Protein chains: 2
Amino acid sequence: MNIVLLSGGSGKRLWPLSNDTRSKQFIKIFKTTDGVYESMVQRVYRQIRSVDDRADVTIATSKSQVSAIHNQLGADVGISVEPCRRDTFPAIALAAAYLNDVRGISEEEAVVICPVDPYVEQDYFEALRELGRHAGVSEANLVLMGIEPTYPSAKYGYIIPTSKDHISKVAVFKEKPTEEKAQEYIAKGALWNGGVFAFRLGYVLQRAHELIEFTGYRDLYDKYDSLTKISFDYAVVEHEQNIEVMRFAGMWKDIGTWNTLTEAMESDSIGKAILNDHCDNVHVVNELNVPVLCMGLKDVVVSASPEGILVSDKNQSSYIKPYVDAIDQQIMFAEKSWGSFQVIDIEENSMTIKVTLNAGHGMNYHSHEHRDEVWTVISGHGRTIVDGVERKVVVGDVIQMPAGVPHTIMADTKLQVIEVQIGPDISVHDKKKTVLPNTAQQK
Amino acid sequence: MNIVLLSGGSGKRLWPLSNDTRSKQFIKIFKTTDGVYESMVQRVYRQIRSVDDRADVTIATSKSQVSAIHNQLGADVGISVEPCRRDTFPAIALAAAYLNDVRGISEEEAVVICPVDPYVEQDYFEALRELGRHAGVSEANLVLMGIEPTYPSAKYGYIIPTSKDHISKVAVFKEKPTEEKAQEYIAKGALWNGGVFAFRLGYVLQRAHELIEFTGYRDLYDKYDSLTKISFDYAVVEHEQNIEVMRFAGMWKDIGTWNTLTEAMESDSIGKAILNDHCDNVHVVNELNVPVLCMGLKDVVVSASPEGILVSDKNQSSYIKPYVDAIDQQIMFAEKSWGSFQVIDIEENSMTIKVTLNAGHGMNYHSHEHRDEVWTVISGHGRTIVDGVERKVVVGDVIQMPAGVPHTIMADTKLQVIEVQIGPDISVHDKKKTVLPNTAQQK
């Protein structure tokens, strides 16, 4: 199976776990049978592999997510990097060109497109494999997966098929109807549109060439920022008469809000939490190192991270976005290509950060104009280059970098440092990349 | 007016703001007209001073609170230090001996005893002044203040007077009755016992000498740990026939739980907090540097500090103690005689702390057997002594102290350092005080 997972943008609706730099699909919130936690993207990737261990998985995403994807899924996963966000049609066109030109997948082969974050079981991916197989042999140009509705939701789009057969032609699409209308559609056999579909690669490449002038993957990549933002639905699906839908009756959840996310949690809390007996339908996700004590609450979700603390009625939690948009907050935590950082203290003229470097990774060689920095190594070992001079560093070593002096640190093992930044108006923008001198080698 | 404020022990009922090292009376939670926040002890002290600027105020408390009291009230306040906790009779006897022997107050003068944490207005302290004046001239040995009940509470003790006059003899005391009984008592003119009373100093000294063999303040102080734990009520009040009570009809609140504390808050939040329109009777006290977002909550208190996060139904919050007792948590924040510290990061073999020294203060000269330490000065200036060598330190300076090497830091201005501790099994017990060499001088 060739499968492209669409990995969307920053999700503020799961704040404080998600933020501008950490999208919801990377939050480790699902407990596996081994007792470790995995993220949505890890869960989906594991499920695909267990259904089809030879599946060719490509993740279509923005540049900003590449590090997180490699950190969570390893170096082998295929990534179609969108230079900027241009909605789903350009993203799928780019992924199609990538599969054809870079991965060498033929135009006759079927490709399945699926969001990266459905909360489902194995049967879902078995259905996707069937979807792909069918798309490879069907007369139809597009084969959608339709999910059997469990209630008349007004939140989803509906696919109305011409029959209630397992696979049938699509009669019409209906966007988010009222609950009454939804009830009507469901009586006629309507299905939820989960944004999952399959096609032969050549079909989408053809559509892409009709709508965008490009020679191949590299060309499309280079002109990507000039493309119009348009969804795959508007650009392709609405103009296509020859569409089929395949029914899927298994478990499917769209985990976009705290309410739906907590429904998928195995236990009532993740992290340090105490819930007294008078709590009813309360969930806690706590990423901090101190306890959360909940007493006498009902239908409440509590989440704490270095970014902030949410305490919300579960139904209210779906209205979170404008409140989070209004928070003007220093980013307190981020995953980077080389590891991660967490802000642990902010004062008027200083900031203290815990930096974790993954083994074999290093920062860019860089300097700051307005601030001094001090590293104290608290775990692991590696090497620093400061002003062109390389030295080995181990736990307990202290490295001082006055303003203007270029520096980097490279981890031989996983390595952690406490970085104290000192100066006026500390800002992420005060950073100048520098070329490493020949005598020193950056890994 | 001579007034002794009894400052009680560590209160876990206002966790996470109060903990083993920070009692509730020191939490800065009340907004003054100047817009600054003051603690219960600061509020009471300010109110006493504004009613009687020559009042002789003594705080009876344990050793562990002395630094916090001096930090919050200045160096001038009188403190009767209890070497250990022995309940209210020994504490009042010690304070009486202190007033007589150390402060030179004559046995004829009246002394008012009052808890340090009532939430009241100025009229309360005007009543205390009247109480003291009356005790100085009355035939009675003890004059209590009785608070006019506002509802038939089952939480308080009741004083039943012989009449409804402003001052009358006490007929009988009733401990925490049922609400029905309380209703009955109130109909007869009963008053709440807020633990406030006045007497001529000689009276209590005489009672003390009858029950404890001691020569004077110093002797009583030295044998304090051998005294029996007994309350002033059991030891004195119950055996005294000649008691009067003075009625007080003003505002009085006992701020012992989150529920009553939030009633006394001027606004719905202290610290970074966002409450959406669907919140009703929600209060937030947030000491962290990140926002708390509350959505759709009712009758809930949220409090966040470096110790943890409480989210509680307001009524449930009075049952907090056993849950907090069960939390086995590293102390994350403490006020000390020299300033304060806050733990900002904990890893397996390291701990990072922000240390704030008040101007003119220094640590003890000490060393650690098992851990190295690194200081980075982030604000202010002062001096360090490391292995006997003194040097001046300013912002940006880094001081390294390997295990075994004695060290101290003294603040010339308010001074902050980030302290990184590195070693196995980091513990507060790994600390050895050392005598300073003659060549170096500790301020």
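Structure first, text after, so check above.
Note that the structure is predicted; figures quoted are calculated from it, not measured.

About the criteria used
- Residues numbered from 1 in each chain as written.
- Chains lettered and ligands numbered in written order.
- Predicted model: local features only at pLDDT ≥ 70, side-chain atom pairs only at ≥ 80, totals over all residues.
- Heavy atoms only, no water.
- Least-squares fit on C-alpha atoms with pLDDT ≥ 70 in both.
- Salt bridge = Lys/Arg side-chain N within 4 Å of Asp/Glu carboxyl O.
- Helix = DSSP H or I, 4+ residues; strand = E, 2+ residues; numbered from the N terminus.
- Buried < 20%, exposed > 50% of the residue type's maximum accessible area, 1.4 Å probe, protein only.
- Pairing = 2+ DSSP bridges.
- Axes fitted to C-alpha atoms, helices over the stretch in contact; angles between N-to-C directions.
- Contact = heavy atoms within 4.5 Å.
- Parallel < 35°, antiparallel > 145°, perpendicular 65-115°, else oblique.
- Left-handed = near helix turned anticlockwise from the far one by under 90°.
- Nonpolar A, V, L, I, M, F, W, Y, C, P; charged D, E, K, R; others polar.
- Phe/Tyr/Trp six-rings, centres within 6.5 Å; stacked < 30°, edge-to-face > 60°.
- Lys NZ or Arg CZ within 6 Å of the ring centre and 35° of its normal.
- Polar contact = N/O pair within 3.5 Å; in protein donor to acceptor, adjacent residues only side chain to side chain.
- Buried area = accessible area lost by both parts, 1.4 Å probe.

## Quick word on the relation of the copies chain A and chain B
Think of it as a corkscrew move, a rotation about one axis and a shift along it, taking one chain copy to the other.
Working step 1: When chain A is fitted to chain B, the best match, at an RMSD of 0.1 Å, comes from turning it 180° and sliding it 0.0 Å along the axis. Between the two chains, the operation in question is that of a two-fold axis. Taking C-alpha positions as reference, the residue of chain A nearest the rotation axis is Ile344 of chain A, located at 2.9 Å.

## Comments concerning the pattern of salt bridges
Working step 1: Going through the model one piece at a time under the given rule, you end up with 43 salt bridges over all chains.
Working step 2: For Glu347 of chain B, the salt bridge identified is with Lys354 of chain A, shortest N-O distance 2.5 Å. With Glu347 of chain B in strand β21 (residues 339-347) and Lys354 of chain A in strand β22 (residues 350-357), the pair connects residues from two separate chains.
Working step 3: Under the relative-accessibility criterion, Glu347 of chain B is labelled partly exposed at 26%.
Working step 4: On the accessibility criterion, Lys354 of chain A (9% relative accessible area) is buried.
Working step 5: Where Arg207 of chain B meets Glu210 of chain B, a salt bridge forms, and the shortest distance between an N and an O atom there is 2.9 Å. Placement of both Arg207 of chain B and Glu210 of chain B in helix α6 (residues 201-211) is noted, with a separation of 3 residues, approximately one turn of the helix.

## Things to note about the sheet that holds strand β21 (residues 339-347) of chain A
Residue and element names in this part refer to chain A.
Working step 1: Within the open sheet, the 6 strands sit side by side as β20-β21-β22-β29-β24-β27. Their pairing is antiparallel. Strand pairing shows two members of the sheet lacking a second neighbour, β20 (333-336) and β27 (398-401), which therefore form its edges. Across the sheet, the mean angle from the axis of one strand to that of its neighbour is 20°, orientation sign disregarded.
Working step 2: As paired strands, β22 and strand β29 (residues 415-422) are joined by 8 bridges and run antiparallel to one another. Note on β29: the bridge partner recorded for Lys354 is Ile418.
Working step 3: Across the sheet, helix α2 (residues 66-73) touches β20 and β21, and the angle it forms with β20 is around 75°.

## What about the packing of helix α3 (residues 88-102) of chain B against α6 of chain B?
When two helices pack together, their arrangement is captured by the angle between the axes and the distance separating the axes.
Residues and elements named next belong to chain B.
Working step 1: Two elements in contact, α3 and α6, have axes whose closest approach is 9 Å; the angle formed by their N-to-C orientations is 125°. Taken together, the axes of α3 and α6 are oblique relative to one another. As α3 runs across α6, the sense of the crossing is left-handed. On α6, the residues touching Phe89, Ile92, Ala93, Ala96, Ala97, Leu99 and Asn100 of α3 are Leu201, Val204, Leu205, Arg207, Ala208 and Leu211.
Working step 2: Of the residues contributing to the contact of α3 with α6, the split by class is 11 nonpolar, 1 polar and 1 charged.

## A closer look at the environment of Pro161 of chain B
All names here are of chain B.
Working step 1: Looking at where Pro161 falls in the secondary structure, it is placed in strand β9 (residues 158-161).
Working step 2: We classify Pro161 as buried; its relative accessible area is 6%.
Working step 3: Separated by 247 residues in the primary sequence, Pro161 and Thr408 place their C-alpha atoms 59 Å from one another.

## Brief notes about the pairing of strand β22 (residues 350-357) of chain B
Looking along a regular strand, one sees side chains alternate from face to face of the sheet.
Residues and elements named next belong to chain B.
Working step 1: With 8 of its 8 residues buried, β22 lies for the most part within the structure.
Working step 2: Covered by surrounding structure in β22 are Ser350, Thr352, Lys354 and Thr356 together with Met351, Ile353, Val355 and Leu357, the residues of both alternating faces.
Working step 3: Two strands pair when backbone bridges link them, and β21 and β22 are joined in this way by 8 bridges, in the antiparallel orientation. Pairing of Asp345 across the sheet is with Thr352, part of β22.
Working step 4: The turn linking β21 back onto β22 is made up of 2 residues.

## Considerations on the packing of aromatic side chains
Working step 1: This structure, assessed with the given rule, holds 28 aromatic pairs over all chains.
Working step 2: Ring geometry for Trp192 of chain B versus Trp252 of chain B: centroids 5.9 Å apart, planes at 55°, classification tilted. One end of the pair, Trp192 of chain B, is in strand β11 (residues 191-200); the other, Trp252 of chain B, is in strand β13 (residues 252-254), and 60 residues separate them in sequence.
Working step 3: By relative accessible area, Trp252 of chain B is classed as buried at 12%.
Working step 4: For Arg43 of chain A, the ring lying beneath its charged end belongs to Phe30 of chain A, and the centroid distance is 5.8 Å.

## Thoughts on the side chain of Lys24 of chain B
Residue and element names in this part refer to chain B.
Working step 1: Counting through the fold element by element, Lys24 comes out in the loop between β1 (2-6) and β2 (30-31).
Working step 2: Within the structure, Lys24 has its side chain in polar contact with the side chain of Asp117 (distance 3.2 Å).
Working step 3: Residues in contact with Lys24, not counting those within four places in the same chain, are Leu14, Ser18, Met40, Asp117, Ile255 and Gly256.

## Section: the interface of chain A and chain B
Working step 1: Opposite the 54 residues of chain A that make contact, chain B presents 54 residues.
Working step 2: Taking both sides of the interface into account, the surface hidden between chain A and chain B amounts to around 4,200 Å²; carbon and sulfur atoms contribute 67%.
Working step 3: Of all residues in chain A, Leu293, Met295 and Ile309 of chain A bury the most surface against chain B, accounting for 16% of the area lost on that side.
Working step 4: At the junction of chain A with chain B, the criterion picks out 20 residue pairs in polar contact (both at pLDDT 80 or more).
Working step 5: Looking at which element gives the most residues to the side of chain A that touches chain B, the answer is strand β19 (residues 308-313) of chain A, with 6 residues.
Working step 6: Class assignment for the residues of the side of chain A that touches chain B results in 33 nonpolar, 14 polar and 7 charged.
Working step 7: Inspection of the sheet shows strand β17 (residues 292-295) of chain A paired to strand β19 (residues 308-313) of chain B by 4 bridges, in the parallel sense. Each bridged residue has a counterpart across the sheet, and for Leu293 of chain A the counterpart in β19 of chain B is Leu310 of chain B.

## Things to note about the side chain of Glu373 of chain B
All names here are of chain B.
Working step 1: Within the secondary structure, Glu373 is located in strand β24 (residues 372-379).
Working step 2: Take Glu373: its relative accessible area is 2%, and that puts it in the buried class.
Working step 3: Within the structure, the side chain of Glu373 is placed 2.9 Å from the side chain of Arg371, a separation counted as a polar contact.

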